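Residues per chain, in single letters:
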Amino acid sequence: MMPTFLLRNISMLARTEAQAPNYLFKTIQRKLYNRSTEHDSPEPCGIASMMKLPIQSSSKGLDACFVGVPLDIGVSNRTGARFGPRQIRVESVLVHEVNHGTGAAPFDSLQVADIGDVPINLYHLPKACEGIRAAYSKIVENGCKPLSMGGDHTITYPILQAIKGKYGPVGLVHVDAHADMSDSMLGEKIYHGSTFRRCAEEGLIDCKRVAQIGLRGSGHGLADYTLGRQMVRRLKCTNL
């Protein structure tokens, strides 16, 4: 599901930039990177970049980029999400450049590359978040749209800090079992369960344009859940 969802997001960017109606994509008159295909080498061969896209070290000259954020020291239970970006890339080599259902061919009109992973301090969560924010500030400064691969939920906080620096508060669709609106855990204000509490407090998100979908399960109390309902809109979906 992840690679297909990301392909759809890139396709939306392509439609906007090319201004093509009915999801038909015009080719921008510039030289685009060549994506490796099975005609060049079979899926198991070569470097497993995201969707076998070219690799570069920065977002310079790109419309969109894939970037990994291998952080999982913000979780309270099971670690392992640090290996997420690597595994997503491995699986993504089976996602090809054209969507037969929609006709989307985003790489015909967009300059896209895999820019690797954000350097992460896996021994100090606040410093890790500072590093993520700094890295994303550079990624978005030229208008490049980052497509992120995590990583635990904590990564959203520093990413949105960088996004606000470029674009101001943004709208958000959050699909999750938990609202991540807790205030603190064991005295710590930054962790995977407080992500959107911090984002709302700092004005990183426009709460009138935020929707949380799929909330369920148990929690430590009603206070954080009630506060979250006051701050953002919740949507009940029964047929996902």
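The structure this text deals with has already been given above.
**A short note on the pairing of strand S1 (residues 64-69)**
Phase 1: In terms of residue burial, S1 counts as a mostly covered element, since six of its six residues are buried.
Phase 2: For S1 and strand S2 (residues 112-117), the ladder comprises four bridges, and the chain directions are parallel. Residue pairing across strands places Cys65 opposite Ala113, the latter belonging to S2.
Phase 3: Since S1 and S2 lie parallel, the crossover through helix H2 (residues 84-92) that links them has a hand, and here it is right-handed.
Phase 4: Both S1 and strand S3 (residues 145-150) contribute to a ladder of six bridges, which runs parallel. Its bridge partner being in S3, Ala64 is matched across the sheet by Lys145.

**Thoughts on the packing of helix H3 (residues 125-140) against helix H4 (residues 156-167)**
Phase 1: Contact pair H3 / H4: the axes reach a minimum separation of 8 Å and the direction vectors enclose 35 degrees. Seen along the crossing, H3 lies across H4 with a hand that is right-handed. Of the residues in H4, those touching H3 at Cys129, Ile132, Arg133, Tyr136, Ser137 and Val140 are Pro158, Ile159, Gln161, Ala162, Ile163, Lys166 and Tyr167.
Phase 2: Across the contact of H3 with H4, the residue classes tally to nine nonpolar, two polar and two charged.

**A closer look at the sheet that holds S1**
Phase 1: One open sheet accounts for three strands, arranged S2-S1-S3; its pairing is parallel. Of all strands in the sheet, those with a lone pairing partner are S2 and S3, marking the two edges. Each adjacent strand pair in this sheet contributes to an overall mean axis angle of 20 degrees, direction not counted.
Phase 2: In the packing of H2 onto the sheet, the strands contacted are S1, S2 and S3, and the crossing angle to S3 comes to about 105 degrees.

Analysis parameters
- Every residue gets a number counted from 1 within its own chain, in the order that chain's sequence is written.
- Reporting in this predicted model follows two pLDDT cut-offs: at least 70 for local features of residues, and 80 or more for side-chain atom pairs to be given and counted; totals over whole chains, interfaces and linings ignore these cut-offs and use all residues.
- In computing side-chain values, all of the structure's heavy atoms are included and hydrogens and water are not.
- Relative accessibility thresholds used throughout: buried, under 20% of the residue-type maximum; exposed, over 50%; partly exposed, between the two (1.4 Å probe, protein chains only).
- Strands are runs of DSSP state E lasting at least two residues, helices are runs of H or I lasting at least four, and both sets are numbered from the N terminus onward.
- By definition, two strands form a pair when at least two bridges between them are found by DSSP.
- By definition, the crossover connecting two strands over a helix is right-handed if that path, from the first strand to the second, turns clockwise as seen with the strands pointing away from the viewer.
- Angles shown run from 0 to 180 degrees and are taken between the N-to-C directions of axes, each axis being a line fitted to C-alpha atoms and, for helices, limited to the stretch in contact.
- Handedness of a crossing follows from how the near helix is turned relative to the far one, being left-handed for an anticlockwise turn of less than a right angle and right-handed for a clockwise one.
- Only heavy atoms enter the contact rule, under which two residues are in contact if any of them lie within 4.5 Å.
- Charged means Asp, Glu, Lys or Arg here, nonpolar means Ala, Val, Leu, Ile, Met, Phe, Trp, Tyr, Cys or Pro, and polar covers whatever is left, Gly included.

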